[in-house]
Amino acid sequence: MQPQDCEPRGGISFKGTAGLVVAVGVIVILLVALPAYRLFFLISVAIGVVVAGILYLWHKLKPVKPEDVDKRPLKLD
């Protein structure tokens, strides 16, 4: 992959805090402008919270032990 392949091909690119502000702004505009989007957003957030809770409990009850971690997963010498 050449370095020029990673550059954006025109358009606007937001990084860091600016990207976060733009994303939150788009969500707020959609929540205000489109009533159907509110239900979709609510369901998506609920699913995300449930999955995060399950993962939190899973890792709290079954922590990863150092001996379970493969130090060289690709087996490269």
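Above this text you will find the structure in question.
Residues numbered from 1 in each chain as written. Predicted model: local features only at pLDDT ≥ 70, side-chain atom pairs only at ≥ 80, totals over all residues. Heavy atoms only, no water.

## Section: the overall build of the protein
Thought 1: Helices and strands together make up the secondary structure of the protein, namely two helices and zero strands.
Thought 2: In the form shown here, the protein has an accessible surface area of approximately 7,300 Å², with 72% of it arising from carbon and sulfur atoms. (Helix = DSSP H or I, 4+ residues; strand = E, 2+ residues; numbered from the N terminus. Areas by Shrake-Rupley, 256 points an atom, 1.4 Å probe, with all protein chains shown as cover.)

## Some remarks on the packing of helix H1 (residues 17-33) against helix H2 (residues 35-61)
Thought 1: For the pair H1 and H2, the least separation of the axes is 5 Å and the interaxial angle reads 125°. Between H1 and H2, the crossing angle belongs to the class labelled oblique. Between H1 and H2, the residues in contact are Ile 27, Leu 30, Leu 31, Val 32 and Ala 33 and Pro 35, Tyr 37, Arg 38 and Phe 41, respectively.
Thought 2: Tallied by class, residues from the contact of H1 with H2 come to eight nonpolar, no polar and one charged. (Axes fitted to C-alpha atoms, helices over the stretch in contact; angles between N-to-C directions. Parallel < 35°, antiparallel > 145°, perpendicular 65-115°, else oblique. Contact = heavy atoms within 4.5 Å. Nonpolar A, V, L, I, M, F, W, Y, C, P; charged D, E, K, R; others polar.)

## As for the packing of aromatic side chains
Thought 1: For the structure shown, the criterion picks out two aromatic pairs.
Thought 2: Between Tyr 37 and Phe 40, the ring centres sit 5.9 Å apart and the planes meet at 45°, which makes this aromatic pair tilted. Of the two residues, Tyr 37 and Phe 40 are both situated in helix H2; the distance of three residues between them amounts to about one turn of the helix.
Thought 3: Residue classification places Phe 40 among the exposed residues on the basis of a relative accessible area of 52%.
Thought 4: A connected cluster of aromatic rings, assembled from ring pairs, spans Tyr 37, Phe 40 and Phe 41. (Phe/Tyr/Trp six-rings, centres within 6.5 Å; stacked < 30°, edge-to-face > 60°. Buried < 20%, exposed > 50% of the residue type's maximum accessible area, 1.4 Å probe, protein only.)

## A closer look at a nonpolar patch on the surface
Thought 1: Taken together, the side chains of Leu 39, Leu 42, Ile 43, Ile 47, Val 51 and Leu 55 present a nonpolar region at the surface, about 580 Å² in accessible area.
Thought 2: Take Val 51: it is sitting in helix H2.
Thought 3: Accessibility expressed as a relative area gives 42% for Val 51, which makes it partly exposed. (Patch = residues over 30% accessible without salt bridge, like charges linked within 9 Å, V, L, I, M, F, W, Y side chains within 5 Å. Salt bridge = Lys/Arg side-chain N within 4 Å of Asp/Glu carboxyl O.)

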